[in-house]
Amino acid sequence: MTKTTYRDALRKALLDAMAEDENVILMGEEVGLYGGAYGVTKGLLDHFGANRVIDTPISEPGIVGAAIGAAMTGLRPVAEIMYVDFAGMVMDQLANQAAKSRYMFGGQIGVPMVLRTQGGTGRSAAAQHSQSLEAWMMHTPGLRLAMPATVSDAYHLLRDAMRQPDPVVFIEHKGLYTLKGEISPDPDAPWGQPAIRRDGRDLTIATYSRMLHETLTAAAALAPEVEVEVIDLRCLNPLDDTVLMESVRRTGRCLIVTEAVTTGSVASEIAARVTEQCFDWLEEPPLRLGGEDIPIPVSPALERASIPDAMLIEEVARWLVTREAPSWAA
Amino acid sequence: MTLANDAPLSRYRTMRRIRTFEERVGELFLKGESAGSMLHLSIGEEAVVGLTDHMKTGDTFTTHHRGHGIFLARGADPMRMLAEIAGREAGYCRGKGGSMHIADRGLGHLGANAIVGGGIPHIVGAGITARNTANQAISVAFFGDGAMSQGILYEAMNMAALWKLPVVFCCINNQYGMGTRVDRSAGKQAFPARAEAFGLNAVRADGADVETVHNDTQAVMEGARDGHPGFVEIDAYRFHGHARMDKSPYRTPEEEAAGRDRDPLIMARTTLDDEAALNTIDAEVTEEMDAAMAGAIAAPVPATDTMFQDVYDPTTPAPQPQRARLASVLEELN
Ligand SMILES: Cc1ncc(C[n+]2csc(CCOP(=O)(O)OP(=O)(O)O)c2C)c(N)n1
Ligand SMILES: [Mg+2]
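The structure presented is a predicted model; accordingly, all values stated were derived computationally and were not measured.

Quick notes on the rules
Residues numbered from 1 in each chain as written. Chains lettered and ligands numbered in written order. Predicted model: local features only at pLDDT ≥ 70, side-chain atom pairs only at ≥ 80, totals over all residues. Heavy atoms only, no water. Donors = N, O, S within 2.8 Å, 3.2 Å for Na, K, Ca; no water. Buried < 20%, exposed > 50% of the residue type's maximum accessible area, 1.4 Å probe, protein only. Helix = DSSP H or I, 4+ residues; strand = E, 2+ residues; numbered from the N terminus. Pairing = 2+ DSSP bridges. Domains from an automatic or database assignment. Contact = heavy atoms within 4.5 Å. Buried area = accessible area lost by both parts, 1.4 Å probe. Salt bridge = Lys/Arg side-chain N within 4 Å of Asp/Glu carboxyl O. Polar contact = N/O pair within 3.5 Å; in protein donor to acceptor, adjacent residues only side chain to side chain. Expected span 1.5 Å × (residues − 1). Bend = angle between axes of the 7 residues up to and from the residue.

So, the coordination of the magnesium ion (ligand 2)
Residues and elements named next belong to chain B. Around the magnesium ion (ligand 2), the protein contributes the donor atoms Asp 145 (OD), Asn 174 (OD1) and Tyr 176 (O), at 2.0 to 2.1 Å from the metal centre. Positions of the donor residues of the magnesium ion (ligand 2), expressed as sequence spacing, correspond to D-x28-N-x1-Y. Both residues of the pair, Asn 174 and Tyr 176, belong to the buried class.

Rendered as structure tokens:
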């Protein structure tokens, strides 16, 4: 199998889906002529023409709203907002319209659309272009949410997202586009379910998106002293936690690693579920390791310090299992 | 020197300061000293100085992400701007905001914004303040042609007209929003007509000539001070790529050459026709910006714990650092 990138895997998913189904359309800022702000949609305009690859004005609520209308009437739109931060502008269309149509209208009108976007830190893009807003999507019944961490998932999760009968928010990570890997013939797990990325008996770490890679680095460094089981959640809403709970019952410990602001986060939700469902199996309380509760600062040094990295994950994991405190805790 | 009192020469100087400043921003990036690559140069848009020259101390403004030049024209210290762009503690926002979020309350800069259209409605509120406190100030929102597609602009213009606020909406039309030329984003390109439809005084000014901009915006700016809100479109050209990584593959070299021919600095030099005086200004500006650059690069990066400051007012508790939370949880277990 040949290696490709996260970016090209996403493009291949769009290309394959569009070739298969002429009802699939793309719309968003710079998706056509420019090829996407991060290059994901390069060449698709030439392939499929301007009726299916639609460059839009800078009108985010309009983009999402129009995608909703297209979905209601039979197309399969993949709308793009360039940064997840612009969710601040489109939350009405997303949360009040897309997420609620099926329910409010008694099941008559579904909105089978995908909203592609990207988030996260790593480019000194500052407070309005670096956020991790998945908790907003998770807090909204009616939305589905997928966040691929691997090249293979970039392909398979996007293909799966485009097959869903309901709106899917699909959040890529700006730091992963150049990640290299292979697209496996089959998805690593069925849509909606997590994948176990590493087996271990001492501690379960649940994570997703770019933090998977920091976690795997930490897990490799901890072995064989501490054997970490690493679970890539992949799909966060609805959250199928069966695999995760089984793992925590085996290991008795759970650390949740994310890049998002910790308070009110996906990590908080998982910690609550682990507490509820695994209480009797737990050696320690479930622990959240996330982004600091601050906006993302532009200064590269501050930006890096505001989110976890492999070293911090390693320190906290070791402490949780062996009680060896890191220097900053002394 | 008597030059300082000569308005056209002084406008040339400001434009030269903007151009040279932006060139230094480009160098900062190439040296690896900038915080990231999301740096949007306003080269080609310097004639905005014709409009900002109608502003006074006490006036407020907001800008888009391409706002370095506007802030320089309103009195910014280039060293503190470069320091901010480099993510240094000495910067205008202590290295928290960067190029796209420079602000200075003292100079009336209510903030540069990285959300297209995000800062526009703030001038409506500033206009209400001006009206209620009778402080004689106007407030100006600067934004690009791309923001002409944001609904919030129309909400703001309607409110400004409805309440007769002392505000001006200034669209710097550099013909592009990223790779999208304006004819690919607007159904009809009559931007002043849109503002007129809301009841604003509206004008389009030629951004190739700073003196034309100054003359043609005078009535709108003075009208705003009298409570008649206005709209100005400055017709310009974005000389460089959208941000530092963009090589503009979506436009032809011929188009770029024609766009760069409409250079407000060259136009001003031709009109002023005083080679010696202009060269002196250029040399002084180079020296000023070199010093600013050196100062910014030498400035220290912020200490890590400053990241918890400024989330809330300093008289209230800052967010708890994660390591402190983890330490208290884990110590509890021992
Ligand atoms: C709400 C929002 N949408 C999209 C973007 C991404 N983006 C940043 S600048 C830009 C183009 C803006 O064009 P214009 O308003 O003309 O300003 P210019 O860059 O030409 O100065 C876009 C699409 C953004 N920052 N904010
Ligand atoms: Mg523009």
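Side note on the pairing of strand E8 (residues 230-235) of chain B
All names here are of chain B. For E8, the buried fraction is high: six of the six residues fall into the buried class. Side chains of E8 alternate between two faces, with Gly 230, Val 232 and Ile 234 and Phe 231, Glu 233 and Asp 235 buried alike. Bridge count for strand E4 (residues 167-173) against E8 is six bridges, and the pairing is parallel. The partner of Val 168 across the bridge, within E8, is Gly 230. With six bridges joining them, strand E7 (residues 201-206) and E8 adopt parallel strand pairing. The residue of E8 that forms the bridge with Ala 205 is Ile 234.

A few points about the domain arrangement of chain A
All names here are of chain A. Taken as a whole, chain A is organised into domain 1 (4-181) and domain 2 (195-323). Of note, the centres of domain 1 and domain 2, computed from C-alpha atoms alone, are 26 Å apart. Across the contact, 29 residues belong to domain 1 and 26 residues belong to domain 2. In this assembly, domain 1 packs against domain 2 so that about 2,200 Å² is buried in total across both faces, 57% of it on carbon and sulfur atoms. Our count for the domain 1 to domain 2 interface comes out at two salt bridges. Asp 153 serves as the salt-bridge partner of Arg 234, at 2.8 Å between the closest nitrogen and oxygen. Linking domain 1 with domain 2 are 16 residue pairs in polar contact (both at pLDDT 80 or more), by the criterion used here.

Comments concerning the pattern of salt bridges
Going through the model one piece at a time under the given rule, you end up with 48 salt bridges over all chains. We note a salt bridge from Arg 19 of chain B to Asp 263 of chain B, for which the minimum N-O separation is 3.0 Å. Of this pair, Arg 19 of chain B sits in helix H1 (residues 7-30) while Asp 263 of chain B sits in the loop between helix H9 (253-261) and helix H10 (264-272), and the two are 244 residues apart along the sequence. Take Arg 19 of chain B: its relative accessible area is 8%, and that puts it in the buried class. The shortest N-O distance in the salt bridge between Asp 59 of chain B and Arg 225 of chain B comes to 2.6 Å. One end of the pair, Asp 59 of chain B, is in the loop between helix H2 (49-52) and strand E1 (60-63); the other, Arg 225 of chain B, is in helix H8 (residues 210-225), and 166 residues separate them in sequence. Since its relative accessible area comes to 1%, Asp 59 of chain B is described here as buried. On the accessibility criterion, Arg 225 of chain B (21% relative accessible area) is partly exposed. What you see here is one network of salt bridges that share partners, running through Asp 153, Asp 188, Arg 197, Asp 232 and Arg 234 of chain A.

Looking at H8 of chain B
Residue and element names in this part refer to chain B. With 16 residues, H8 should reach 22 Å at 1.5 Å per residue; the first-to-last C-alpha distance of 21 Å fits that figure. Approximately 45° is the largest bend angle found in H8, and it occurs at Thr 217. Among the residues of H8, Val 210, Val 213, His 214, Thr 217, Val 220, Met 221, Gly 223 and Ala 224 are the ones counted as buried. Turning to H8, the residues buried within the fold contact H1, H2, strand E3 (139-144), E4, E7 and E8. Its side-chain oxygen placed 3.0 Å from the backbone nitrogen of Glu 211, Asp 209 serves as the N-cap of H8. Once H8 finishes, Gly 227 follows within two positions and takes phi at roughly 85°, a positive value.

Some points on the interface of chain B and chain A
Contacts between the two partners involve 48 residues from chain B and, on the opposite side, 47 residues from chain A. Three residues stand out in chain B for area buried against chain A, namely Met 307, Gln 322 and Arg 323 of chain B, and they jointly supply 16% of the buried area on that side. Our enumeration of links across chain B and chain A arrives at one salt bridge. In this structure, Arg 184 of chain B and Asp 55 of chain A form a salt bridge, with 2.6 Å as the shortest nitrogen-oxygen distance. Viewed at the interface, chain A and chain B are joined by 17 residue pairs in polar contact (both at pLDDT 80 or more). No other element matches helix H12 (residues 322-333) of chain B, which puts nine residues into the side of chain B that touches chain A.

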